[in-house]
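Results of the structural survey
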Amino acid sequence: MSLARDAAMNIAKVLTEALPYIQRFTGKTIVVKFGGNAMIDTELQNSFARDVVLMKLVGMNPIVVHGGGPQIGQLLQKLNIQSNFVDGMRVTDSETMDVVEMVLGATVNKQIVNLISRNGGQAIGVTGKDGQLIRAKKLSVSRQTPDMKATEIIDIGHVGEVQSINTSVIDMLINSHFIPVIAPIGVGESGVSYNINADLVAGKIAEVLRAEKLILLTNVAGLQDKDGNVLTGLSTDQVDGLIADGTIHGGMLPKIRCALEAVKSGVASSHIIDGRVAHAVLLEIFTDVGVGTLISNRRQG
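Fair warning: this is a prediction, and the values are worked out from it, not measured in the lab. (Residues numbered from 1 in each chain as written. Predicted model: local features only at pLDDT ≥ 70, side-chain atom pairs only at ≥ 80, totals over all residues. Heavy atoms only, no water.)

It is worth spelling out the overall build of the protein at this point. The helix and strand inventory of the protein stands at 10 helices and 16 strands. Relative to the 2.2 N^0.38 estimate, which gives 19 Å for 301 residues, the radius of gyration of the protein is 20 Å and therefore close to what a compact globule would have. Dimensions of the protein, computed from C-alpha atoms along their principal axes, come out at roughly 70 × 45 × 35 Å. The buried share of the protein, reckoned over its 301 residues, is 49%. The long-range fraction of contacts in the protein, counting pairs at least 24 apart against all pairs at least 6 apart in sequence, stands at 73%. Here the protein has roughly 14,700 Å² of accessible surface; of this, 52% comes from carbon and sulfur atoms. The averaged location of the 29 negative side-chain charges in the protein is 3 Å from the averaged location of its 27 positive side-chain charges. (Helix = DSSP H or I, 4+ residues; strand = E, 2+ residues; numbered from the N terminus. Rg over C-alpha atoms; globule rule 2.2 N^0.38 Å. Buried < 20%, exposed > 50% of the residue type's maximum accessible area, 1.4 Å probe, protein only. Contact = heavy atoms within 4.5 Å. Areas by Shrake-Rupley, 256 points an atom, 1.4 Å probe, with all protein chains shown as cover. Lys, Arg positive; Asp, Glu negative; His and termini not counted. Charge placed at Lys NZ, Arg CZ, Asp CG, Glu CD.)

What follows is the structure, encoded as structure tokens:
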């Protein structure tokens, strides 16, 4: 009986700790970028889905934006379509874009919708082309020539950047009590489809909706200092300083800049969290400790 009582007490303690966070974030919009290990591990998939369903149940408005790079790569390989990358971005010709739309808009998007449904939630999947949700333009990529004497423009095809977000589509879904699941495909003025980085789409959606939180799931513990310690509770000024002194570099830099830009543009806080941890989203939102790096727009001193 004592073990059962202890377990019950732990549940009560957890709920008590979560209560002020639930009260604080009821009615608030939380944008979550779903990717990495959390997206391919079955147990982590289900824990993520339950997190999102619970957020909706207690009155929050979760919005899921997903990637799908590994899945796109696998299908391209099966179809014997060569993948090339420039600065970490997949060169996307028309043939590759067809595969991207198939994987992101159909396969992956519907898998996530089904995952949320099987865990007790109601979700609707859309791409940025639905209702002109994401207006996009071609991403211009330039770099120095080998002799460093000139700048060359590199054509990476149907890779885009966000021009605008049609919030009425998202508002309609939220007001109908659905969880929006968004694939990061945008549409240009002439109807051309564009593949857009999912972190950037999540960040822009968080900005235009003035979201309470932007949460980016990653395959690392969070932003770390040079000794490997996870840094959290950072202001935008502190993050700027860490970029300037080289603490933040390499592959983490684009993700941090996305999180930083969202906060500077009005999102209350950005979180870079460890998607390899079960229930990472709930742990970050509902507990005092959290499981990653929090960046907020608080002022120092």
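Back to the write-up after that little detour.
Time to look at the pairing of strand E13 (residues 213–218). Of all six residues in E13, six are buried, a share of seventy percent or more. Of the two faces of E13, the one carrying Lys 213, Ile 215 and Leu 217 and the one carrying Leu 214, Leu 216 and Thr 218 are both buried. As defined by bridge partners, strand E1 (residues 29–34) adjoins E13 across four bridges and the pair is classed as parallel. Within the sheet, the bridge partner assigned to Lys 33 lies in E13 and is Leu 216. With six bridges connecting them, E13 and strand E15 (residues 269–274) associate as parallel partners. Bridge pairing links Thr 218 to Asp 274 in E15. (Pairing = 2+ DSSP bridges.)

Once that is clear, we can look at the UniProt feature "site: Transition state stabilizer" (unreviewed entry) in the protein. UniProt's entry tags Lys 33 and Lys 255 with the feature "site: Transition state stabilizer" (unreviewed entry), counted in the numbering of this structure. On the basis of their most widely separated C-alpha atoms, the annotated residues across 223 residues gather in one place, lying no more than 11.0 Å apart. Within the secondary structure, Lys 33 is located in strand E1. Aside from chain neighbours lying at most four places away, what touches Lys 33 is Val 65, Gly 67, Ala 198, Asp 199, Ala 202, Ile 215, Leu 216, Leu 217 and Lys 255. In terms of polar contacts, Lys 33 uses its side chain to reach the side chain of Asp 199, at 3.0 Å. Note on placement: Lys 255 falls in helix H9 (residues 252–264). (UniProt positions renumbered as here; feature names shortened; annotations may be inferred. Polar contact = N/O pair within 3.5 Å; in protein donor to acceptor, adjacent residues only side chain to side chain.)

Our next topic: the environment of Pro 70. Relative to the elements of secondary structure, Pro 70 occurs in helix H4 (residues 69–78). Given a relative accessible area of 54%, Pro 70 falls into the exposed group. For the pair Pro 70 and Asp 288, spaced 218 residues apart in the sequence, the C-alpha separation amounts to 33 Å.

With that settled, the discussion passes to helix H8 (residues 236–244). Residues lying three or four places apart along an α-helix face the same way, a consequence of the helix completing one turn every 3.6 residues. All buried positions along H8 are accounted for by Thr 236, Val 239, Leu 242 and Ile 243. When H8 is viewed along its axis, its buried side chains cluster within an angular range of 120° and face the same direction. As for H8, its buried residues are in contact with strand E14 (234–235), H9 and strand E16 (292–296). Of the residues flanking the end of H8, it is Gly 246, one or two places downstream, whose phi is positive at about 85°. (Arc of directions from axis to C-beta.)

A few words on unusual backbone geometry. In this structure, Gln 132 is a non-glycine residue whose phi angle is positive, near 55°. Mapped onto the secondary structure, Gln 132 falls in the loop between strand E5 (123–127) and strand E6 (134–138). Its relative accessible area of 36% is what places Gln 132 among the partly exposed residues. Within the chain, Arg 210 stands out as a residue other than glycine whose phi angle is a positive 50°. The topology assignment puts Arg 210 in the loop between helix H7 (198–208) and E13.

Pairing is mixed in the open sheet, where eight strands are placed in the order E5-E10-E2-E1-E13-E15-E16-E14. Lying at the two open borders of the sheet, with one neighbouring strand each, are E5 and E14. As judged from the two bridges shared by E14 and E16, these two strands associate in the parallel manner. From the neighbouring strand, Leu 234 faces E16, where its bridge partner is Ile 295. Strands in contact with H7 are E1, strand E2 (61–66), strand E10 (179–183) and E13; relative to E1, the strand with the most contacts, it is inclined by about 175°. (Axes fitted to C-alpha atoms, helices over the stretch in contact; angles between N-to-C directions.)

Positionally, Ala 198 belongs in helix H7. For Ala 198, a relative accessible area of 9% translates into the label buried. Sequence separation of Ala 198 and Val 52 is 146 residues, and the distance between their C-alpha atoms is 18 Å. Leaving out residues up to four positions away in the same chain, Ala 198 has contacts with Lys 33, Val 65, His 66, Gly 67 and Pro 184.

With that settled, the discussion passes to the side chain of Glu 207. Considering the arrangement of structural elements, one finds Glu 207 in helix H7. A relative accessible area of 13% means that Glu 207 is categorised as buried. Setting aside its immediate chain neighbours within four residues, Glu 207 contacts Glu 261, Ala 262, Ser 265 and Val 267.

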